[in-house]
Amino acid sequence: MLSKSAARTFFLVGTAACGLAFVLLTLDTFRQIPGQTREENLTEAAIRGKHLFDQSNCMGCHTILGEGAYYAPELTRVYERRGPEFIAAMLRDPEAMYPGQRRMQQYDFTEEEIADLVAFLEWVNGMDLNGFPPAPPLAAAAGTTAQATVADGRPAVFNQMCVACHAVGGRGGAVGPALDGIATRFDRDYFTRWLADPAAIRPGTTMPKLPLSDQHIAELSDYLASLEN
Amino acid sequence: MKYESQRIAYWFFATCMLLFSLQIVYGFIMGFAHAGMDGLHDFIPFHTARATHTNLLVMWNLAGFMGAAYYIIPEECEREIYWPTLAKIQLGALVIVGVTAIVGFHVGWFEGRKFLEIPRPLDFLVVIDVLLFIANIAMTIWKGKRITTTSSVLFFGLLMAALLYLPGMIPTDNQTEDSYWRWWVVHLWVEGVWELIMGGILAFLLIKLTGIDREIIEKWLYIIVGLTFLSGILGTGHHYYYIGTPKYWLWIGGLFSALEPLAFLGMAIYGITMAKRGGRKHPNRTALAWTVGTCVMSFVGAGFLGFAHTLPQVNMYTHGTLVTAMHGHMAFWGAYAMLVLAIITYAMPLLTGRKLYDTPSATFAFWTSNIGMIAMTLAFAVAGVTQVVLERRMGMEFLAVQTEIEVHFWGLILAASLFTLGVIAFIYNFVRHGLPKGEIERSSATEEKEPDESPALEAAPGAAE
Ligand code: HEM
Ligand code: HEM
Ligand SMILES: [Fe+2]
């Protein structure tokens, strides 16, 4: 049977060998990180954004690169998923986008700070993460938004902003009403006015005024007017 | 208790009880927030509660390790603590830094990296404080009559834990590098050097409680910590799959981290075998229950539930979901919280001189807290797996999924209430023991004669080296 000194040798040699391998791999990893994280795009603004992200303890609710808390959405690809206007609107007023839902802290950021945070998220969005986050493999079977594409006739901005609260064809959020058949109740002109400022048409509505360009509003109005059933 | 200065351990243990209670309060705040009741949002937002919950956990675990060391090292080295006053100052300083950090979290003072939320100036104070502690232990061992394997492993674990705090302080602007170093602290602590501390404390407890020959226990100690490092160091790679680091981590991390449960399995087998073989000579049965419980529950929480999401194919979908929280709870509880509670249960009757051993409330504390924690883990598991399926596999919106799983947080709150009952019973027992006024046993004392003091061993301290 193994003696105590043999056991000690096993411990010392194993630890030394693995420790050495780990240090060498670390050196190689640091050689590769700049390329894989597109460090050339890491602007001054993005760096300021990163430190602001830390000081605000954003990881205390969100995950980024899959690390953090599980109370609020993953932010690694949020730049692509929601777009810069949506993010900025959330940071200005946390209750802007999901009224009556789980709340984010009101941080009172300045416009520069918001731009820095968006720049940081834009940089993170561009990293090569070995395939994370994965495309949902069951989306087709489940018929969720993730599967929806522009080919469905949905404008890109609809998939970024509107689906956060509304569903079409059972795909999308459940905060606001589903929009199937909405064209039978309102016309295109109404959609245009509604999107420009919901509260002006129906005071007290929980739907926020979204950060949409005229171009976006036009696209969305066309799309909504096509939803006849 | 054989040495005057061992009494200091009591104050560390009392600190543990206090911080642990507070930790649970913040757990409930988060549980309710997840269940849709965020009434405290304007005063204690979720992220403040979370930083407080996890930092209190780490703080009371560390305080427990320090208390354990102040209790164990004098007995292992057969001398008083080298600087007993420093030990008290060092505890006071730790508490002051801790309180500052916690108050800071409530007014928005963060460094904001998960588990390393305390701001940089406080980091330095923590390091200084821990180094003072290490120096005190080192001097005690150095000047002691014998150097045992148990005390060396414990010391090496504590020293490495202090040193591994440093990589977390390396400044960087790159999120990936930041995360890379963060894992040197978080992973290399819980799946590396803390396991040495665990091995050391468990070896001490098993020697005392089962009376098995020190040589045998310490041989297994080497094998277990050998396995820990063999798998755990390169196993760090299981956190480097998807954070912007090279692809080779997928197989290196996958392979080595898949071996990590072996160390925990070894610990479980060793604990159970030693407890069986040793007979039940020691009257403190509850302490033995906590000791063997640690061996078993750490295997379930860290070994089994860790393995469940460690392969890259699985981790791709579970990474950063409530599945991680499920594993985090059971692993921290089984390995480190229970370990600290085990040494407290063992030491309290000796420190205070009140031999309350296995009263019904002590037995109740053990079973209720463990059953409660198993139920909490199940609640997190159901919530986590549902989240993975709906969000990661089907692509549902995050908030829609959270609404779906709200109900499981009511389950969590129920389970946590049961758990809390057990913890209250534990603290009640702690308080009932009173202050550390136990008598110093001279070696002639027979009643409390520890089983390991067989003449054969005392005669051959060199062999124990
Ligand atoms: C006592 C030992 C352990 C403790 C206390 C522990 C605790 C934790 C904690 C708190 C986290 C979350 C960390 C963070 O996100 O910052 C975590 C993550 C993780 N643990 Fe452990 N763990 C232990 C052992 C293990 C073992 C032995 C394995 C594998 C066999 C393992 C596999 C993992 C994995 C894969 C993750 C990452 C989860 C993700 O991608 O989100 N753990 N652990
Ligand atoms: C009443 C008891 C408790 C409740 C209700 C509770 C609840 C929670 C909640 C809701 C979270 C946050 C999950 C998220 O980010 O969304 C959390 C995190 C955590 N808790 Fe607890 N907890 C309790 C006790 C404990 C205990 C006793 C331990 C350790 C022994 C512990 C260790 C942790 C750890 C390590 C994390 C971080 C997990 C991760 O990031 O993956 N908790 N807890
Ligand atoms: Fe790990």
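Every value quoted in this text rests on a predicted model; they were computed, and no experiment measured them. Residue indices begin from 1 for each chain and proceed along its sequence in written order. For this description, chains carry letters from A and ligands carry numbers from 1, given in the order in which they are written. The predicted origin of the model limits local features to residues at a pLDDT of at least 70 and limits the giving and counting of side-chain atom pairs to 80 or more, whereas totals for whole chains, interfaces and linings rest on all residues. Side-chain measures were taken over the full set of non-hydrogen atoms in the model, leaving aside hydrogen atoms and water.

J.: Got a minute to help me understand the site of ligand 1 in this structure?
T.: All names here are of chain B. Any residue with a heavy atom lying within 4 Å of a molecule or strand is counted as near it. Residues in contact with ligand 1 amount to 26 residues; listed here are only the nearest, K114, H319, G320, T324 and H327. Polar contacts, as used here, are pairs of N or O atoms within 3.5 Å; protein pairs need one atom able to donate a hydrogen and one able to accept it. Residues neighboring in sequence count only if both atoms are side-chain atoms. Interatomic distance of 3.5 Å between a side-chain N/O atom of E191 and a nitrogen atom of ligand 1. For ligand 1, a nitrogen atom lies 2.8 Å from a polar atom in the side chain of H327. Secondary-structure elements contributing two or more residues to the shell around ligand 1 are α6 (175–210), α8 (248–277), α9 (285–308) and α11 (322–352). To qualify as a helix, a DSSP run of H or I must reach at least 4 residues; to qualify as a strand, a run of E must reach at least 2; elements of each kind are numbered from the N terminus. No other element matches α11, which puts six residues into the shell around ligand 1. Of the residues that constitute the shell around ligand 1, the class distribution is eleven nonpolar, eleven polar and four charged. Throughout, the ten residues Ala, Val, Leu, Ile, Met, Phe, Trp, Tyr, Cys and Pro are labelled nonpolar, Asp, Glu, Lys and Arg are labelled charged, and all others, Gly among them, are labelled polar.

J.: Would you explain the packing of aromatic side chains in this entry?
T.: The geometry of two aromatic rings is summed up by the distance between their centres and the angle between their planes. All names here are of chain A. We call Phe, Tyr and Trp rings a pair once their centres come within 6.5 Å, taking the six-membered ring for Trp, and we label the pair stacked below 30 degrees between planes, edge-to-face above 60, and tilted otherwise. Scanning the model with the defined rule gives 49 aromatic pairs over all chains in all. A ring pair is formed by F158 and Y223, whose centres lie 5.0 Å apart and whose planes are at 65°; its orientation type is edge-to-face. Placement of the pair is F158 in helix α7 (residues 156–160) and Y223 in helix α10 (residues 214–225), with a sequence separation of 65 residues. With respect to class, F158 is no different from Y223; both count as buried. Only protein chains enter the calculation, and the probe is 1.4 Å; a residue is then buried if its accessible area is under 20% of its type maximum, exposed if over 50%, and partly exposed in between.

J.: I'm lost on the site of ligand 2 in this one. Help?
T.: Not every one of the 28 residues close to ligand 2 is listed here, only the nearest: B:H34, B:R50, B:H53, B:K114 and B:H329. Chains contributing residues near ligand 2 are chains A and B. Note that an oxygen atom of ligand 2 is positioned 2.9 Å from one of the side-chain N or O atoms of A:Y70. Elements that contribute at least two residues to the shell around ligand 2 include exactly α1 (8–34), α2 (46–77), α11, α12 (360–393) and α13 (398–433) of chain B. Tallying contributions element by element places α1(B) first for the shell around ligand 2, with eight residues. Within the shell around ligand 2, the residues separate by chemical class into 17 nonpolar, nine polar and two charged.

J.: Any chance you could explain a nonpolar patch on the surface here in plain terms?
T.: Residue and element names in this part refer to chain B. For patch detection, residues must exceed 30% relative accessible area and be free of salt bridges, and they are connected within 9 Å for like charges or within 5 Å for nonpolar side chains (Val, Leu, Ile, Met, Phe, Trp, Tyr). Per-residue accessibility takes into account occlusion by the displayed protein chains alone, with areas from the Shrake-Rupley method and a 1.4 Å probe. In what follows, salt bridge is the name for a side-chain nitrogen of Lys or Arg lying within 4 Å of a carboxyl oxygen of Asp or Glu. Side chains of F364, W367, I371, L418, L421 and I424 sit close together on the surface and give an oily, nonpolar patch of about 590 Å² of accessible area. Secondary structure elements with two or more residues in the nonpolar patch: α12 and α13. A relative accessible area of 45% places I371 in the partly exposed class.

J.: Which parts of the structure should I look at to understand the domain arrangement of chain A?
T.: Residue and element names in this part refer to chain A. These domain limits were set by an automatic method or by a database of domain assignments. Domain assignment breaks chain A into domain 1 (1–36), domain 2 (37–134) and domain 3 (143–225). Look at where the C-alpha atoms of domain 2 and domain 3 centre, and you get two points 24 Å apart. In this complex, domain 2 contributes 13 residues to the contact, which on the side of domain 3 involves eleven residues. It is R82, M97 and P99 that lose the most area in domain 2 upon contact with domain 3, and together they represent 43% of the buried surface on that side. Taken together, the links from domain 2 to domain 3 amount to two residue pairs in polar contact (both at pLDDT 80 or more). Counting residues per element, the ones that place at least two in the side of domain 2 that touches domain 3 are α3 (78–82) and α4 (84–92). Counting residues per element, the side of domain 2 that touches domain 3 draws most heavily on α3, which supplies four residues. Residue composition of the side of domain 2 that touches domain 3, grouped by class: seven nonpolar, two polar and four charged. Contacts are assigned to residue pairs with any non-hydrogen atoms lying within 4.5 Å of each other. Put simply, buried area is the surface a 1.4 Å probe can reach on two separate parts but cannot reach once they are joined, added for both.

J.: What is the right way to read the packing of α12(B) against α13(B) from this model?
T.: Geometry of a packed helix pair, given as the angle between the helix axes and the separation of the axes. All names here are of chain B. To obtain an axis, a line is fitted to C-alpha atoms, over the contacting stretch when the element is a helix, and the angle between two such axes runs from 0 to 180 degrees between their N-to-C directions. The geometry of α12 relative to α13 is characterised by a closest axis approach of 8 Å and an angle of 165° between their N-to-C directions. Comparing the axis directions of α12 and α13 gives the class roughly antiparallel. Here the hand of the crossing between α12 and α13 comes out left-handed. For the contact of α12 with α13, the per-class residue count stands at 26 nonpolar, eleven polar and three charged. Here the word oblique covers every angle except those under 35 degrees (roughly parallel), over 145 (roughly antiparallel) and from 65 to 115 (roughly perpendicular). Should the near helix be turned anticlockwise from the far one by less than a right angle, the crossing is left-handed, and should it be turned clockwise, the crossing is right-handed.

J.: For this particular structure, what's the right way to read the coordination of the iron ion (ligand 3)?
T.: Six octahedral donors around a metal ideally subtend angles of 90 or 180 degrees, whereas four tetrahedral donors ideally subtend 109.5 degrees. All names here are of chain B. The protein atoms donating to the iron ion (ligand 3) are H187 (ND1), E191 (OE), E191 (OE), H238 (NE2) and H239 (NE2), with metal-donor distances spanning 2.1 to 2.8 Å. Only nitrogen, oxygen and sulfur atoms qualify as donors, provided they sit within 2.8 Å of the metal or within 3.2 Å for Na, K and Ca; with water excluded from the atoms, sites may seem incomplete. Along the chain, the residues that donate to the iron ion (ligand 3) are spaced as H-x3-E-x46-H-H. Separating the iron ion (ligand 3) and the iron atom of ligand 1 is a distance of 4.4 Å. Grouping residues by exposure puts H238 and H239 together as buried.

J.: Would you mind going over the interface of chain B and chain A with me for this structure?
T.: When the parts of a complex come together, some accessible area is lost, and that lost area is often used as the size of the interface. Contacts between chain B and chain A engage 80 residues on the former and 77 residues on the latter. Summed over both sides, the interface between chain B and chain A buries roughly 6900 Å², with carbon and sulfur atoms accounting for 63% of that surface. Where chain B touches chain A, the interface holds six salt bridges. Notably, a salt bridge pairs A:R82 with B:E397, separated by 2.6 Å at the nearest N-O pair. Inspection of the region where chain B meets chain A yields 31 residue pairs in polar contact (both at pLDDT 80 or more). Here the side of chain B that touches chain A takes 13 residues from helix α7 (residues 214–235) of chain B, the largest share from any one element. Each residue belonging to the side of chain B that touches chain A can be placed in one class, and the counts come to 39 nonpolar, 22 polar and 19 charged.

J.: Just to check I follow, could you spell out the side chain of B:Q23 for this structure?
T.: Along the chain, B:Q23 falls in helix α1. Reaching out from B:Q23, the side chain makes a polar contact with the side chain of B:W60 at a distance of 2.9 Å.

J.: Just to check I follow, could you spell out the coordination of the iron atom of ligand 1 for this structure?
T.: There is one protein donor for the iron atom of ligand 1, and it is B:H327 (NE2), at 2.0 Å. When you line up the elements, B:H327 lands in helix α11.

J.: Help me out: how do you make sense of the confidence of the model for chain B in this one?
T.: Residue and element names in this part refer to chain B. Predictor confidence is given residue by residue as pLDDT, running from a minimum of 0 to a maximum of 100. Considering every residue of chain B, the mean pLDDT works out to 93; 95% of them sit at 70 or more. Long-range and interchain partners of residues 444–465, a stretch whose pLDDT sits below 50, account for 38 contacts in this model, where long-range means more than four residues apart. The ipTM, which scores confidence in the relative placement of chains, is 0.92 for this predicted complex, and the corresponding pTM is 0.92.

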